[in-house]
Amino acid sequence: MALKDITLGQFFPGKTILHRLDPRTKVLLTVFFIVALFMARNILGYGLCATALLTGILLSRVGFKAVFKGLKPVFVIVVITAVLNLFYTVGEGEPLLSFWIFNIYWEGVRTAFFMVLRIMMLISCTFLLTYTTSPIRLTDALESLLGPLKKLHIPIHELTMMMSIALRFIPLLIEETDKIMSAQKARGADFETGNLLQRAKALIPLLVPLFISAFRRADELAVAMECRGYHGDEGRTRMKELRYAGKDYVAILLGFALCAAIWGVNLLGVF
């Protein structure tokens, strides 16, 4: 897996209907989709979630290639999750396959399949949110949605700003890491051979300049924010105010409809 395959935090500018939705609407749609995904218990429920996700990808025009590319870094986690659910889910009746101390039941196969679908769709949905929403707009949306918590003296603005900066720095740090690795390889460094301890030692020439670069970027950002008169949420204004439009209300209703449809499917008890 190459570092360029990590696409978390990247934003793909566009003028599609998904890009033009209010960022608060997209955050709410993501929440609705996650709730629907965890409510799904059968193939029909997961089919509805998959249909909603595919529709979102098509409307965003970011391409299936970009979404699948973002799934590569979590491939190992998906495989481990599938294997654990496959071997450790005990079902009724005779096992489908039995060897040594392991028994594979039909319930294990079903659980592993649904768990893999859930993880892949969950990650794809969150990627779709960051692909179609700039970090600044996403920060404003979260600050607006979590605004009522300010009455409990929770520093919402500071928390959302830190999240925005973290998202913005992910692709920058990945690019910086790739450059440092290429430079170290040109000097004879080997990051791919040897045992675990040797590979860990080989990462030291990579981590030291990476941390120095990260601290330098953080210091430059802090100085830039102070020079521009940033004082947190106090007296802050926005160039583009967030306003709901008709399409946002329609999208929110569709999110409610998806959750209601999954709930109805669960009542039918379809496999």
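This structure is a prediction, so every number in the text was calculated from the model and none was measured. (Residues numbered from 1 in each chain as written. Predicted model: local features only at pLDDT ≥ 70, side-chain atom pairs only at ≥ 80, totals over all residues. Heavy atoms only, no water.)

Student: Can you tell me about helix α2 (residues 43-60), naming the residues and giving the values?
Tutor: Here α2 spans 25 Å end to end across 18 residues, near enough to the 26 Å set by a 1.5 Å rise per residue. Taken residue by residue, α2 has Gly45, Tyr46, Cys49, Leu53, Gly56, Ile57 and Ser60 as its buried positions. Seen along its axis, α2 keeps its buried residues to an arc of 110°; they face one direction. Tucked into the core, α2 has its buried residues touching α1 (23-39), α3 (64-71), α5 (106-132) and α10 (246-268). Of the residues flanking the end of α2, it is Arg61, one or two places downstream, whose phi is positive at about 60°. (Helix = DSSP H or I, 4+ residues; strand = E, 2+ residues; numbered from the N terminus. Expected span 1.5 Å × (residues − 1). Buried < 20%, exposed > 50% of the residue type's maximum accessible area, 1.4 Å probe, protein only. Arc of directions from axis to C-beta. Contact = heavy atoms within 4.5 Å.)

Student: Could you give me a rundown of the nonpolar core, with the residues and numbers involved?
Tutor: Formed by 31 residues in total, the largest nonpolar core has its most connected members in Phe33, Cys49 and Met121. When residues of this core are traced back to their parent elements, those giving at least two are α1, α2, α3, α4 (75-88), α5 and α10. Sorting elements by how many residues they give to this core places α5 first, with 9 residues. With near-sequence residues (within four places) excluded, Met121 lies in contact with Phe33, Leu37, Tyr46, Cys49, Ala50 and Leu53. Grouped together as the second largest cluster of nonpolar side chains are 6 residues, Leu129, Leu138, Leu142 and Leu167 included. (Core = buried A, V, L, I, M, F, W, Y, C linked by side-chain atoms within 4.5 Å.)

Student: Could you give me a rundown of α3, with the residues and numbers involved?
Tutor: All of the buried residues in α3 are Ala66, Val67, Gly70 and Leu71. For α3, the angular spread of buried residues about the axis comes to 145°, placing them on one side. Facing away from the buried side of α3 by more than 90 degrees, the exposed set consists of Lys65 and Phe68. Its buried side turned inward, α3 meets α2, α4 and α5.

Student: Please provide a residue-by-residue account of the side chain of Glu176, values included.
Tutor: Within the element layout of this structure, Glu176 appears in helix α7 (residues 156-186). A relative accessible area of 17% places Glu176 in the buried class.

Student: Before we move on, could you go through the pattern of salt bridges and cite the residues and values that matter?
Tutor: All told, the structure shown has 2 salt bridges when counted by the stated rule. For Asp22, the salt bridge identified is with Arg24, shortest N-O distance 3.0 Å. You'll find Asp22 and Arg24 in the same group, each marked buried. One salt bridge in this structure joins Glu176 and Arg217, with 3.3 Å as the shortest N-O distance. Placement of Glu176 in helix α7 and of Arg217 in helix α9 (residues 204-227) is noted, with a sequence separation of 41 residues between them. (Salt bridge = Lys/Arg side-chain N within 4 Å of Asp/Glu carboxyl O.)

Student: Quick one: what's the story with unusual backbone geometry, residue by residue and with numbers?
Tutor: Most of the time, phi is negative for any residue but glycine, and the peptide bond is trans. At Arg61, a residue that is not glycine, the phi angle is positive and equals roughly 60°. The residue Arg61 is located in the loop between α2 and α3 in this model. A relative accessible area of 72% means that Arg61 is categorised as exposed. In the Ramachandran plot, His153 falls in the positive-phi region, its phi being about 65° despite a non-glycine side chain. Here His153 is to be found in the loop between α6 (135-145) and α7. With a relative accessible area of 75%, His153 lands in the exposed category.

Student: An account of the environment of Arg24 is requested, with residue identities and associated values reported.
Tutor: Considering the arrangement of structural elements, one finds Arg24 in helix α1. C-alpha of Arg24 to C-alpha of Tyr244: the two residues are 220 residues apart in sequence and 8.6 Å apart in space. Those residues in contact with Arg24 that lie beyond four places of it in its chain are Ala141, Ser144, Leu145, Leu242, Arg243 and Tyr244. Polar side-chain contacts of Arg24 include one of 3.4 Å to the side chain of Ser144. (Polar contact = N/O pair within 3.5 Å; in protein donor to acceptor, adjacent residues only side chain to side chain.)

These values are about where atoms sit, not about what they do.
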